[in-house]
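Observations on the three-dimensional arrangement
Residues per chain are reported as follows:
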Amino acid sequence: KPLVGNLIGEDHVNYVLMYNMLTGIRIAVSRCQAKIRRPLTTEDFSACNKYSFDIIGNELTPSAKYDFKFKDYAPWVFRELREDYFHLDPADYLLSLTAKYILSELGSPGKSGSFFYFSRDYRFIIKTIHHNEHKFLRRILTQYYEHVKSNPHTLLSRFYGLHRVKLPHGRKIHFVIMNNLFPAHKDVHETYDLKGSTVGREYPEDKAAQNPRAVLKDLNWINRGKTLEVGPEKRALLTEQLARDSELLKSLHVMDYSLLVGIHNMQRGNRDNVRSNTLRVFSPEVPNLRRKQTVKGPKSPEAVAMRRIMRSSDLVPMGTGTFKLPEEDTGERQHFIFYQDEGGFRATDEVNEDLDTIYYLGVIDILTPYNTVKKLEHFWKGLQSDRHKISPVQPTEYADRFFAFMKAVMRGGEGGARFKAD
Ligand code: ATP
Ligand code: CA
Ligand code: CA
């Protein structure tokens with residue numbers, strides 16, 4: 001079924017930003033992609049390619065509608081992550097993001113001030129991040145890369161790219177591209193953002209009844225008596241992966257991350273047609289692909305892929321505010337244990353038989369180090385509430401509590417209630 005969003009014209013406040021982000025991605029990623037693969041070097045992790053776009057264009061960059069600067073961080077590292085470990089098809093990645101300049105913006109951004117945009121096929125999320133998060137990701141990129149390499153089934157956010165747009169008046173916008181945990185073709189009937197913290201972690205139940213897209217929290221989960229229904233086999237897999245992932249987060253000294261849980265009830269199916277997020281669609285815009293940009297050189301798989309992009313019949317203007325979402329999950333998800341069943345992880349009973357629920361799980365918002373601000377927050381919040389139940393606690397305690405909570409809420413666990421009681 002096509003999704004209809006509010007059409008946002010070129011006068012939308014973030015239209016120029018979106019245009020610049022997508023143009024930068026398109027040029028930078030295809031530049032790197034057109035080269036022959038080579039092994040990574042240490043320098044690749046701190047590398048940064050700069051592009052300067054203007055309305056005239058030059059050797060390196062085609063002309064663009066606006067003047068802006070673009071930085072592509074660690075392009076070779078992200079390329080390898082995408083291709084070898086996240087199993088993305090290079091052409092698909094660029095097509096999904098940039099073949100048509102359509103992004104939808106998530107209704108209300110969180111309190112961090114980040115903005116979220118979905119690619120038109122809903123597979124990718126662009127999240128604007130704070131400069132501190134940006135610096136942090138660059139600093140830990142080697143460890144993140146090593147972790148992904150040795151944990152092909154990691155539940156951590158899959159980062160596909162790290163970039164920066166600089167507008168002419170000097171404003172800098174940092175952003176990452178990551179996986180959308182939720183599938184395009186399935187309604188997500190309930191969403192929870194779980195941290196293992198119980199202070200203030202409740203979405204008002206009366207409001208939740210009105211809003212099927214509400215993101216519920218730990219206390220809603222506990223008070224509703226929810227369990228993550230996974231039988232012994234799947235429970236063992238999930239527990240092991242969560243243990244490894246939270247060990248990494250502990251060693252990186254981060255906190256405030258959460259397990260995002262989307263629940264699809266197969267009996268209920270898609271009949272409500274509530275996708276997890278409201279879509280606001282930017283005015284469709286066709287990128288100005290110039291012939292001279294066509295990749296030359298040997299017929300490497302990359303070059304072939306790029307030609308496909310350049311020629312794609314997908315580059316036809318849409319003219320309306322609707323777009324079709326894929327009916328099926330394609331590609332990469334089949335490679336991952338936790339995303340294999342209709343793009344997610346199917347619930348099972350005590351004898352490992354399938355139940356009619358699919359979970360969409362992932363550990364998100366993993367770029368917050370325990371810094372001075374968080375230490376102060378820990379101090380102030382700790383004056384009013386239990387110092388161990390508030391969200392900001394130091395990373396070791398955070399990781400252990402997070403992991404213990406997730407174990408407790410799984411089938412066979414003792415439930416989340418003890419996290420609430422004092
Ligand atoms: P804050 O720091 O205030 O928690 P934030 O701006 O850092 O907010 P996140 O915690 O990363 O934002 O995400 C906010 C919400 O966006 C999540 O609760 C979830 O509903 C949605 N979201 C984030 N990342 C993803 C993802 N990879 N897939 C699907 N939904 C996501
Ligand atoms: Ca968060
Ligand atoms: Ca955050």
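Predicted model, so just to flag it, every value in this text is computed and none were measured.

Focus: the coordination of the calcium ion (ligand 3)
Taken together, D365 (OD) and D365 (OD) make up the full set of protein donors to the calcium ion (ligand 3), lying 2.4 to 2.5 Å away. Taken as a pair, the calcium ion (ligand 3) and the calcium ion (ligand 2) lie 4.3 Å from each other and share D365 as a ligand. With respect to the helices, strands and loops of the structure, D365 is situated in the loop between β16 (354-364) and α10 (372-384).

Here's the deal with the environment of G269
Take G269: it is sitting in the loop between β12 (258-265) and β13 (280-282). Each C-alpha atom of the pair G269 and V188 lies 9.2 Å from the other, and the pair is 81 residues apart in sequence.

Examining unusual backbone geometry
Phi is positive for H87, close to 55°, though the residue is something other than glycine. Of note, H87 is situated in the loop between α3 (75-85) and α4 (90-98). The phi dihedral of D256 falls on the positive side, at around 75°, and the residue is not glycine. For D256, the position within the fold is in the loop between α8 (232-251) and β12.

Thoughts on the site of ligand 1
Of all residues adjacent to ligand 1, which total 15 residues, the nearest are S112, K127, N179, L181 and D193. One of the backbone N or O atoms of L181 is found 3.0 Å from a nitrogen atom in ligand 1. A distance of 2.9 Å separates an oxygen atom of ligand 1 from a polar side-chain atom of D193. Within the complex, the protein chains bury 86% of what would otherwise be the 620 Å² of accessible surface of ligand 1. Those elements giving two or more residues to the shell around ligand 1 turn out to be β7 (124-129) and β9 (172-179). Two domains share the shell around ligand 1, each providing at least three of its residues, namely domain 1 (1-180 + 285-318) and domain 2 (184-273 + 327-422).

Each value, and the rule that gives it
- Along each chain, numbering runs from 1 in the same order as the chain's sequence is written.
- To label them, take the chains in the order written and letter them from A, then take the ligands in the order written and number them from 1.
- For this predicted model, a pLDDT threshold of at least 70 governs which residues receive local features, and a threshold of 80 or more governs which side-chain atom pairs are given and counted, while totals over whole chains, interfaces and linings are taken from all residues.
- To get the side-chain values, all heavy atoms of the structure are used, and hydrogens and water are removed first.
- The rule for donors is simple: an N, O or S atom within 2.8 Å of the metal counts, and for Na, K and Ca the reach is 3.2 Å. Water is not among the atoms, so a site may look short of donors.
- Helix and strand assignments follow DSSP, with helices taken as H or I runs no shorter than four residues and strands as E runs no shorter than two, numbered in order from the N terminus.
- Near residues are defined by distance, with any heavy atom within 4 Å of the molecule or strand qualifying the residue.
- Pairs of N or O atoms are called polar contacts if they sit within 3.5 Å, as long as, within protein, a hydrogen donor faces a hydrogen acceptor (for residues adjacent in sequence, only side-chain-to-side-chain pairs).
- Accessible areas in this description were obtained via Shrake-Rupley with a 1.4 Å probe; residue shielding takes into account the shown protein chains only.
- For every domain, the bounds stem from an assignment made automatically or drawn from a database.

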